[in-house]
Amino acid sequence: MSRTTRERIVAEALRLFAERGYAATSVAEIEAAAGLSPGAGGLYRHFPSKQEVLAAAVRERIEHTRDQVNATLAESEHFKSKPLDLRLRMTCHAGIAKMREEQDLIRVLFRDLDQFPHLVADLRDGVVNPLYESIAAWLSTQPEFKERDEDWEAIAAILGGSVVNYWLANESLYETPVKTDEKRFAAAWARLAMGLLGRD
């Protein structure tokens with residue numbers, strides 16, 4: 001399905017913001033990347049400002065993440081008969097894939113979003129916290145852990161934070177920490193999770 005002009009503007013603006021920075025990206029460059037005549041004002045027919053394009057990108061990722069979390073939690077019900085180790089590894093791989101999917105927004109977050117504290121708050125409350133909450137909810141409903149009285153949110157912060165750090169280190173340093181590939185990382189992550197929860 002082809003994207004609308006508005007969707008193209010948001011997608012291309014986010015890509016350019018990630019590559020060059022928000023301040024260094026002009027409206028004309030966004031228009032050209034979105035297939036509009038650069039400098040002709042096409043962007044302003046859809047958005048009142050460049051900042052509103054960035055805000056729209058954040059809102060879009062919030063909505064997408066909400067739908068994604070709900071769908072993933074529902075789908076995970078089908079895998080409860082699989083071994084716990086496998087379920088944990090699948091969860092770890094899904095977390096890394098989510099970081100990869102959001103890489104442009106993450107780059108903008110670290111580079112430019114300190115200029116827009118309201119967008120940081122929106123991103124934290126609309127994307128980051130729901131992801132950690134979904135990990136906590138997922139862990140607490142696994143058959144092996146269902147009767148456990150644990151601080152699932154704190155455990156989710158530890159496990160989720162390690163996935164975030166793994167991806168960020170690879171992204172920033174162009175190499176995974178101590179050259180640990182994703183398969184090895186996910187296997188060790190699952191063993192650590194099972195050990196933390198007394199299932200090693």
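Structure's up top.
Summarised in this report is the structure supplied together with it. Residue numbers restart at each chain and count upward from 1, following the sequence in its written direction. For a predicted model such as this one, the threshold for reporting local features is a pLDDT of at least 70, and the threshold for listing and counting side-chain atom pairs is 80 or more; totals across whole chains, interfaces and linings nevertheless cover every residue. With hydrogens and water set aside, each side-chain value is computed from the structure's full complement of heavy atoms.

Helix and strand definitions follow DSSP, with helices as H or I runs of at least four residues and strands as E runs of at least two, each counted in order from the N terminus. The helix and strand inventory of the protein chain stands at eight helices and zero strands. Secondary structure elements of the protein chain, listed N to C terminal, follow the sequence α-α-α-α-α-α-α-α. Its C-alpha atoms give the protein chain principal-axis dimensions of about 60 × 35 × 35 Å. Here the protein chain holds 200 residues, and the buried ones make up 38% of them. Under the scheme applied here, a residue whose accessible area is under 20% of the maximum for its type counts as buried, over 50% as exposed, and between as partly exposed, the area being computed with a 1.4 Å probe on protein chains only.

On to a nonpolar patch on the surface, then. Within this analysis, patches are made of residues with over 30% relative accessible area and no salt bridge. Like charges are joined at 9 Å or less; nonpolar side chains (Val, Leu, Ile, Met, Phe, Trp, Tyr) at 5 Å or less. We get accessible surface area from the Shrake-Rupley algorithm with a probe of 1.4 Å; when it comes to residues, only the shown protein chains can shield them. The rule for a salt bridge is simple: a side-chain nitrogen of Lys or Arg has to be within 4 Å of a carboxyl oxygen of Asp or Glu. On the surface, a cluster of nonpolar side chains totalling about 280 Å² of accessible area is made up of Ile 158, Leu 192 and Leu 196. Assignment of secondary structure puts Leu 192 in helix H8 (residues 182–196). Residue Leu 192 is classed as partly exposed on the basis of its relative accessible area, which comes to 46%.

Our next topic: the packing of helix H4 (residues 84–101) against helix H6 (residues 117–140). Look at H4 against H6: their axes get within 12 Å of each other, and the N-to-C directions meet at 170 degrees. The orientation of H4 with respect to H6, classified from their angle, is roughly antiparallel. Counting all contacts with H4, which are made through Arg 87, Leu 88, Thr 91 and Lys 98, the residues of H6 involved are Leu 131, Trp 138 and Leu 139. Its residues assigned to classes, the contact of H4 with H6 shows four nonpolar, one polar and two charged. Fitted lines through C-alpha atoms serve as axes, helices being fitted only where they are in contact, and the angles separating the N-to-C directions of these axes extend from 0 to 180 degrees. Orientation categories follow fixed angle ranges, with anything under 35 degrees roughly parallel, anything over 145 roughly antiparallel, 65 to 115 roughly perpendicular, and all other angles oblique. Only heavy atoms matter for contacts: two residues are in contact if any of them lie within 4.5 Å across the pair. Each residue is assigned to one class: nonpolar for Ala, Val, Leu, Ile, Met, Phe, Trp, Tyr, Cys and Pro, charged for Asp, Glu, Lys and Arg, and polar for all the others, Gly among them.

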